[in-house]
Amino acid sequence: MIGQVICAIGQPFILNICTPYAALWFSADGRGTATMVGGITNAIGMAIASLIIPAVVTSPETVPTGFLIIACATTACAIPAFFVPKKPKTPPSYSASSKNKFAISFGESLRQLAKNWNYLIIMATFGILCGLASAFTSLLTQIVAPYGVTPDDAGFLGAAFVLAGLVGSIVTGIFIDKTGRHPLVMKLYVPLDGALYLAFYFIVVKELGYTAMMIVCVLLGFFTFSLLPVFLELSVESSYPISESISSSALWMCSQVFGLISLAIMDALRSSDNKYTNSLIFLTCVTFPFSILTTIYNSPNKRLEFEERSRGIN
(Lines give C-alpha, C1' and ligand atoms only; values in the text may rest on other atoms or scores of the structure.)
Protein backbone atom coordinates (compact mmCIF):
# COMPACT_ATOMS: atom_id res chain seq x y z
CA MET A 1 0.00 0.00 0.00
CA ILE A 2 2.81 2.45 0.88
CA GLY A 3 4.51 1.70 -2.43
CA GLN A 4 1.29 2.32 -4.35
CA VAL A 5 0.84 5.67 -2.59
CA ILE A 6 4.41 6.74 -3.43
CA CYS A 7 3.93 5.77 -7.09
CA ALA A 8 0.60 7.62 -7.19
CA ILE A 9 2.27 10.76 -5.84
CA GLY A 10 5.04 10.58 -8.44
CA GLN A 11 2.91 9.79 -11.49
CA PRO A 12 1.37 13.29 -11.92
CA PHE A 13 4.85 14.80 -12.25
CA ILE A 14 5.57 12.41 -15.13
CA LEU A 15 2.21 12.85 -16.88
CA ASN A 16 2.13 16.64 -16.58
CA ILE A 17 5.61 17.30 -17.96
CA CYS A 18 4.71 16.63 -21.62
CA THR A 19 3.25 19.95 -22.75
CA PRO A 20 5.46 22.28 -20.62
CA TYR A 21 8.58 20.47 -21.81
CA ALA A 22 7.45 20.58 -25.45
CA ALA A 23 6.68 24.31 -25.18
CA LEU A 24 10.04 25.04 -23.53
CA TRP A 25 12.27 23.08 -25.91
CA PHE A 26 10.48 22.88 -29.28
CA SER A 27 9.12 25.24 -31.90
CA ALA A 28 5.65 25.01 -33.42
CA ASP A 29 6.95 22.56 -36.02
CA GLY A 30 7.91 20.02 -33.37
CA ARG A 31 5.70 20.58 -30.33
CA GLY A 32 3.03 18.08 -31.35
CA THR A 33 5.61 15.35 -31.90
CA ALA A 34 7.37 16.19 -28.63
CA THR A 35 4.07 16.07 -26.74
CA MET A 36 3.32 12.75 -28.40
CA VAL A 37 6.66 11.27 -27.35
CA GLY A 38 6.20 12.44 -23.79
CA GLY A 39 2.63 11.24 -23.64
CA ILE A 40 3.24 7.74 -24.97
CA THR A 41 6.15 6.92 -22.67
CA ASN A 42 3.59 5.77 -20.12
CA ALA A 43 1.99 3.57 -22.78
CA ILE A 44 5.38 2.14 -23.75
CA GLY A 45 5.92 1.10 -20.16
CA MET A 46 2.48 -0.50 -20.10
CA ALA A 47 3.23 -2.45 -23.29
CA ILE A 48 6.58 -3.69 -21.99
CA ALA A 49 5.04 -4.68 -18.67
CA SER A 50 2.17 -6.49 -20.41
CA LEU A 51 4.67 -8.64 -22.33
CA ILE A 52 7.47 -9.18 -19.79
CA ILE A 53 5.87 -9.33 -16.34
CA PRO A 54 3.41 -12.20 -17.07
CA ALA A 55 6.34 -14.24 -18.41
CA VAL A 56 8.42 -13.58 -15.31
CA VAL A 57 5.77 -13.68 -12.58
CA THR A 58 4.46 -17.21 -12.95
CA SER A 59 3.79 -17.91 -9.24
CA PRO A 60 3.45 -16.01 -5.95
CA GLU A 61 7.11 -16.76 -5.22
CA THR A 62 8.26 -14.86 -8.32
CA VAL A 63 6.34 -11.64 -7.52
CA PRO A 64 9.42 -10.04 -5.84
CA THR A 65 11.40 -10.72 -9.03
CA GLY A 66 8.80 -8.82 -11.02
CA PHE A 67 9.02 -5.84 -8.67
CA LEU A 68 12.83 -5.96 -8.87
CA ILE A 69 12.69 -5.80 -12.69
CA ILE A 70 10.34 -2.80 -12.52
CA ALA A 71 12.57 -1.06 -9.97
CA CYS A 72 15.71 -1.57 -12.07
CA ALA A 73 14.02 -0.38 -15.26
CA THR A 74 12.53 2.76 -13.71
CA THR A 75 15.80 3.65 -11.97
CA ALA A 76 17.73 3.30 -15.23
CA CYS A 77 15.22 5.56 -17.01
CA ALA A 78 15.41 8.17 -14.23
CA ILE A 79 19.19 8.62 -14.31
CA PRO A 80 19.36 10.69 -17.57
CA ALA A 81 16.93 13.23 -16.08
CA PHE A 82 19.72 14.55 -13.84
CA PHE A 83 21.74 15.60 -16.90
CA VAL A 84 18.99 17.51 -18.78
CA PRO A 85 19.56 21.31 -18.66
CA LYS A 86 16.89 23.48 -17.07
CA LYS A 87 16.12 25.23 -20.37
CA PRO A 88 17.67 25.69 -23.84
CA LYS A 89 20.23 28.44 -24.41
CA THR A 90 18.01 29.96 -27.10
CA PRO A 91 14.19 29.88 -26.79
CA PRO A 92 12.69 27.88 -29.70
CA SER A 93 9.70 30.22 -30.13
CA TYR A 94 8.42 33.64 -29.19
CA SER A 95 5.82 32.13 -26.84
CA ALA A 96 8.63 30.36 -24.96
CA SER A 97 10.76 33.49 -24.70
CA SER A 98 7.84 35.65 -23.51
CA LYS A 99 6.30 33.17 -21.08
CA ASN A 100 7.17 35.17 -17.96
CA LYS A 101 6.03 38.41 -19.57
CA PHE A 102 2.47 37.13 -20.03
CA ALA A 103 2.33 34.95 -16.90
CA ILE A 104 -1.08 34.62 -15.21
CA SER A 105 -1.55 33.72 -11.55
CA PHE A 106 -2.77 30.25 -10.61
CA GLY A 107 -6.10 31.48 -9.26
CA GLU A 108 -6.80 33.68 -12.27
CA SER A 109 -5.84 30.80 -14.58
CA LEU A 110 -8.42 28.54 -12.96
CA ARG A 111 -11.08 31.23 -13.25
CA GLN A 112 -10.37 31.74 -16.93
CA LEU A 113 -10.37 28.01 -17.63
CA ALA A 114 -13.72 27.60 -15.86
CA LYS A 115 -15.23 30.18 -18.26
CA ASN A 116 -13.56 28.85 -21.40
CA TRP A 117 -16.15 26.55 -23.02
CA ASN A 118 -13.80 25.31 -25.70
CA TYR A 119 -11.29 24.26 -23.06
CA LEU A 120 -14.02 22.59 -20.99
CA ILE A 121 -15.03 20.56 -24.07
CA ILE A 122 -11.44 19.40 -24.44
CA MET A 123 -11.08 18.59 -20.75
CA ALA A 124 -14.34 16.64 -20.51
CA THR A 125 -13.81 14.69 -23.74
CA PHE A 126 -10.19 13.86 -22.92
CA GLY A 127 -11.14 12.83 -19.40
CA ILE A 128 -13.96 10.59 -20.56
CA LEU A 129 -12.04 8.92 -23.41
CA CYS A 130 -8.89 8.33 -21.36
CA GLY A 131 -10.92 7.13 -18.40
CA LEU A 132 -12.91 4.71 -20.54
CA ALA A 133 -9.77 3.41 -22.26
CA SER A 134 -8.08 2.88 -18.90
CA ALA A 135 -11.09 1.00 -17.53
CA PHE A 136 -11.43 -1.04 -20.73
CA THR A 137 -7.80 -2.17 -20.75
CA SER A 138 -7.86 -2.85 -16.99
CA LEU A 139 -10.86 -5.16 -17.35
CA LEU A 140 -9.99 -6.61 -20.77
CA THR A 141 -8.95 -9.99 -19.37
CA GLN A 142 -12.26 -10.35 -17.50
CA ILE A 143 -14.26 -9.06 -20.49
CA VAL A 144 -12.95 -11.71 -22.89
CA ALA A 145 -12.55 -14.58 -20.40
CA PRO A 146 -16.16 -15.88 -20.77
CA TYR A 147 -15.50 -16.38 -24.49
CA GLY A 148 -12.61 -18.80 -24.09
CA VAL A 149 -9.75 -16.27 -24.25
CA THR A 150 -6.91 -17.19 -21.89
CA PRO A 151 -5.16 -14.57 -19.70
CA ASP A 152 -2.07 -14.83 -21.91
CA ASP A 153 -4.07 -14.18 -25.07
CA ALA A 154 -5.87 -11.31 -23.32
CA GLY A 155 -2.45 -9.89 -22.52
CA PHE A 156 -1.64 -9.94 -26.23
CA LEU A 157 -4.87 -8.02 -26.90
CA GLY A 158 -3.79 -5.38 -24.40
CA ALA A 159 -0.29 -5.21 -25.86
CA ALA A 160 -1.72 -4.86 -29.38
CA PHE A 161 -3.97 -2.04 -28.13
CA VAL A 162 -0.96 -0.16 -26.75
CA LEU A 163 1.46 -0.87 -29.61
CA ALA A 164 -1.06 0.21 -32.24
CA GLY A 165 -1.63 3.31 -30.15
CA LEU A 166 2.07 4.11 -30.27
CA VAL A 167 2.01 3.96 -34.06
CA GLY A 168 -1.12 6.10 -34.18
CA SER A 169 0.37 8.69 -31.82
CA ILE A 170 3.51 9.00 -33.93
CA VAL A 171 1.59 9.40 -37.18
CA THR A 172 -0.90 11.86 -35.70
CA GLY A 173 1.77 13.87 -33.86
CA ILE A 174 3.69 14.42 -37.07
CA PHE A 175 0.49 15.24 -38.96
CA ILE A 176 -0.66 17.97 -36.55
CA ASP A 177 2.86 19.44 -36.51
CA LYS A 178 2.86 19.79 -40.27
CA THR A 179 -0.74 20.90 -40.75
CA GLY A 180 -2.01 22.39 -37.48
CA ARG A 181 -5.33 20.57 -38.07
CA HIS A 182 -5.84 19.51 -34.46
CA PRO A 183 -9.65 20.07 -34.40
CA LEU A 184 -10.18 18.06 -37.58
CA VAL A 185 -8.39 15.03 -36.15
CA MET A 186 -10.38 15.27 -32.92
CA LYS A 187 -13.73 15.50 -34.71
CA LEU A 188 -12.90 12.47 -36.88
CA TYR A 189 -11.31 10.19 -34.29
CA VAL A 190 -13.72 10.55 -31.34
CA PRO A 191 -16.76 9.07 -33.18
CA LEU A 192 -14.51 6.30 -34.53
CA ASP A 193 -13.70 5.39 -30.93
CA GLY A 194 -17.40 5.03 -30.18
CA ALA A 195 -17.97 2.92 -33.28
CA LEU A 196 -15.12 0.58 -32.32
CA TYR A 197 -16.45 0.07 -28.78
CA LEU A 198 -19.78 -0.83 -30.40
CA ALA A 199 -17.99 -3.21 -32.77
CA PHE A 200 -16.27 -4.93 -29.84
CA TYR A 201 -19.67 -5.37 -28.18
CA PHE A 202 -21.06 -7.18 -31.23
CA ILE A 203 -17.92 -9.31 -31.52
CA VAL A 204 -18.26 -10.68 -27.98
CA VAL A 205 -22.07 -11.04 -28.19
CA LYS A 206 -21.92 -12.85 -31.54
CA GLU A 207 -18.76 -14.70 -30.44
CA LEU A 208 -16.94 -13.85 -33.67
CA GLY A 209 -13.61 -15.06 -32.32
CA TYR A 210 -10.20 -13.93 -31.14
CA THR A 211 -9.02 -12.57 -34.51
CA ALA A 212 -11.92 -10.12 -34.68
CA MET A 213 -11.17 -9.02 -31.11
CA MET A 214 -7.54 -8.43 -32.05
CA ILE A 215 -8.46 -6.32 -35.11
CA VAL A 216 -10.78 -4.08 -33.09
CA CYS A 217 -8.22 -3.72 -30.26
CA VAL A 218 -5.58 -2.65 -32.78
CA LEU A 219 -7.89 -0.06 -34.37
CA LEU A 220 -9.18 1.12 -31.00
CA GLY A 221 -5.67 1.57 -29.68
CA PHE A 222 -4.59 3.40 -32.84
CA PHE A 223 -7.37 6.00 -32.68
CA THR A 224 -7.51 6.35 -28.88
CA PHE A 225 -3.79 6.99 -28.39
CA SER A 226 -3.68 9.19 -31.49
CA LEU A 227 -5.95 11.62 -29.66
CA LEU A 228 -3.45 12.04 -26.84
CA PRO A 229 -1.15 14.64 -28.48
CA VAL A 230 -4.16 16.29 -30.14
CA PHE A 231 -6.02 16.92 -26.89
CA LEU A 232 -2.92 17.98 -24.97
CA GLU A 233 -1.96 20.49 -27.64
CA LEU A 234 -5.54 21.77 -27.99
CA SER A 235 -5.74 22.31 -24.24
CA VAL A 236 -2.82 24.71 -24.58
CA GLU A 237 -3.94 26.33 -27.83
CA SER A 238 -7.47 27.01 -26.59
CA SER A 239 -6.34 28.48 -23.25
CA TYR A 240 -3.15 30.40 -24.15
CA PRO A 241 -1.52 32.35 -22.43
CA ILE A 242 -2.43 30.23 -19.41
CA SER A 243 0.52 28.05 -18.41
CA GLU A 244 0.75 24.64 -20.06
CA SER A 245 1.38 23.13 -16.63
CA ILE A 246 -2.08 24.18 -15.46
CA SER A 247 -4.14 23.48 -18.57
CA SER A 248 -2.71 20.02 -19.23
CA SER A 249 -2.71 19.01 -15.55
CA ALA A 250 -6.45 19.55 -15.37
CA LEU A 251 -6.88 17.14 -18.29
CA TRP A 252 -4.90 14.39 -16.59
CA MET A 253 -6.74 14.94 -13.31
CA CYS A 254 -10.06 14.63 -15.11
CA SER A 255 -8.95 11.43 -16.85
CA GLN A 256 -7.90 9.83 -13.55
CA VAL A 257 -11.22 10.70 -11.89
CA PHE A 258 -13.29 9.42 -14.82
CA GLY A 259 -11.11 6.31 -15.04
CA LEU A 260 -11.91 5.41 -11.45
CA ILE A 261 -15.61 6.13 -11.94
CA SER A 262 -15.76 4.15 -15.20
CA LEU A 263 -14.02 1.18 -13.62
CA ALA A 264 -16.56 1.11 -10.79
CA ILE A 265 -19.52 1.45 -13.16
CA MET A 266 -18.29 -1.24 -15.54
CA ASP A 267 -17.73 -3.66 -12.67
CA ALA A 268 -21.19 -2.87 -11.29
CA LEU A 269 -22.74 -3.60 -14.71
CA ARG A 270 -21.17 -7.08 -14.80
CA SER A 271 -23.86 -9.75 -15.16
CA SER A 272 -24.39 -12.68 -12.82
CA ASP A 273 -22.49 -14.95 -15.23
CA ASN A 274 -19.49 -12.54 -15.17
CA LYS A 275 -20.09 -11.10 -18.64
CA TYR A 276 -19.39 -7.44 -19.38
CA THR A 277 -21.75 -6.89 -22.32
CA ASN A 278 -23.64 -4.18 -20.44
CA SER A 279 -20.33 -2.51 -19.69
CA LEU A 280 -19.49 -2.41 -23.39
CA ILE A 281 -22.85 -0.79 -24.07
CA PHE A 282 -21.96 1.77 -21.40
CA LEU A 283 -18.66 2.54 -23.20
CA THR A 284 -20.48 3.13 -26.45
CA CYS A 285 -23.28 5.22 -24.97
CA VAL A 286 -20.83 7.51 -23.20
CA THR A 287 -18.43 7.98 -26.14
CA PHE A 288 -20.93 8.92 -28.85
CA PRO A 289 -22.41 11.99 -27.07
CA PHE A 290 -18.93 13.43 -26.68
CA SER A 291 -18.30 12.96 -30.39
CA ILE A 292 -21.26 15.31 -30.90
CA LEU A 293 -19.85 17.72 -28.31
CA THR A 294 -16.55 18.02 -30.16
CA THR A 295 -18.33 19.31 -33.26
CA ILE A 296 -19.09 22.63 -31.51
CA TYR A 297 -15.44 23.20 -30.59
CA ASN A 298 -14.42 26.35 -32.47
CA SER A 299 -11.44 27.86 -30.67
CA PRO A 300 -8.59 29.24 -32.78
CA ASN A 301 -5.07 27.99 -32.10
CA LYS A 302 -4.25 30.99 -29.92
CA ARG A 303 -0.60 30.18 -29.29
CA LEU A 304 0.14 29.52 -32.95
CA GLU A 305 -1.63 32.72 -33.98
CA PHE A 306 0.30 34.68 -31.34
CA GLU A 307 3.59 33.37 -32.71
CA GLU A 308 2.54 34.18 -36.27
CA ARG A 309 1.71 37.75 -35.28
CA SER A 310 5.00 38.09 -33.41
CA ARG A 311 6.98 36.89 -36.42
CA GLY A 312 5.13 39.42 -38.60
CA ILE A 313 5.98 42.27 -36.24
CA ASN A 314 9.61 41.25 -36.02
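Predicted model only: the values in this text are computed from it and were never measured. (Residues numbered from 1 in each chain as written. Predicted model: local features only at pLDDT ≥ 70, side-chain atom pairs only at ≥ 80, totals over all residues. Heavy atoms only, no water.)

Draft legend 1. Region of the structure containing the overall build of the protein. If you tally the helices and strands in the protein, you get 14 helices and zero strands. Put simply, the protein runs from its N terminus to its C terminus through helices and strands in the order α-α-α-α-α-α-α-α-α-α-α-α-α-α. By residue count, 43% of the 314 residues in the protein fall in the buried class. Put simply, 81% of the contacts in the protein that link residues at least 6 apart link residues at least 24 apart. Accessible surface for the protein amounts to roughly 16100 Å². Of this, 70% is attributable to carbon and sulfur atoms. (Helix = DSSP H or I, 4+ residues; strand = E, 2+ residues; numbered from the N terminus. Buried < 20%, exposed > 50% of the residue type's maximum accessible area, 1.4 Å probe, protein only. Contact = heavy atoms within 4.5 Å. Areas by Shrake-Rupley, 256 points an atom, 1.4 Å probe, with all protein chains shown as cover.)

Draft legend 2. Just the packing of helix 7 (residues 117-138) against helix 12 (residues 244-268), in detail. At their nearest, the axes of helix 7 and helix 12 sit 7 Å apart, and the two run at 45° to each other. As summarised for this structure, helix 7 and helix 12 are arranged oblique, according to the angle between their axes. At the point where helix 7 passes helix 12, the crossing takes the right-handed sense. Touching Tyr119, Ile122, Met123, Phe126, Gly127, Ile128, Cys130, Gly131, Leu132, Ala135, Phe136 and Ser138 of helix 7 are Ile246, Ser247, Ala250, Leu251, Trp252, Cys254, Ser255, Phe258, Gly259, Ser262, Leu263 and Met266, all from helix 12. Here the residues of the contact of helix 7 with helix 12 are counted per class, giving 17 nonpolar, seven polar and no charged. (Axes fitted to C-alpha atoms, helices over the stretch in contact; angles between N-to-C directions. Parallel < 35°, antiparallel > 145°, perpendicular 65-115°, else oblique. Left-handed = near helix turned anticlockwise from the far one by under 90°. Nonpolar A, V, L, I, M, F, W, Y, C, P; charged D, E, K, R; others polar.)

Draft legend 3. Structural view of unusual backbone geometry. Its identity as a non-glycine residue notwithstanding, Glu207 has a phi of 55°, on the positive side. Tracing the chain through its elements places Glu207 in the loop between helix 10 (182-206) and helix 11 (210-237). For Glu207, a relative accessible area of 58% translates into the label exposed. Its identity as a non-glycine residue notwithstanding, Asn274 has a phi of 65°, on the positive side. Within the fold, Asn274 resides in the loop between helix 12 and helix 13 (277-293).

Draft legend 4. Representation of the packing of helix 11 against helix 12. As a packed pair, helix 11 and helix 12 sit with axes 8 Å apart at the nearest point and diverge in direction by 135°. Judged on the interaxial angle alone, helix 12 and helix 11 are oblique. Helix 12 is crossed by helix 11, and the crossing has right-handed handedness. The residues of helix 12 that touch helix 11, namely those facing Leu228, Phe231, Leu232, Ser235 and Val236, are Glu244, Ser247, Ser248, Leu251 and Trp252. Its residues placed into classes, the contact of helix 11 with helix 12 shows six nonpolar, three polar and one charged.

Draft legend 5. Up close: a nonpolar patch on the surface. Judged by side-chain polarity, Met253, Val257, Ile261, Ile265 and Leu269 come together as a nonpolar surface patch covering roughly 400 Å² of accessible area. Summarising the element assignment, Ile265 is placed in helix 12. A residue is classified by how much of its surface remains accessible, and Ile265, at 32% relative accessible area, is partly exposed. (Patch = residues over 30% accessible without salt bridge, like charges linked within 9 Å, V, L, I, M, F, W, Y side chains within 5 Å. Salt bridge = Lys/Arg side-chain N within 4 Å of Asp/Glu carboxyl O.)

Purely geometric numbers; function is a separate question.
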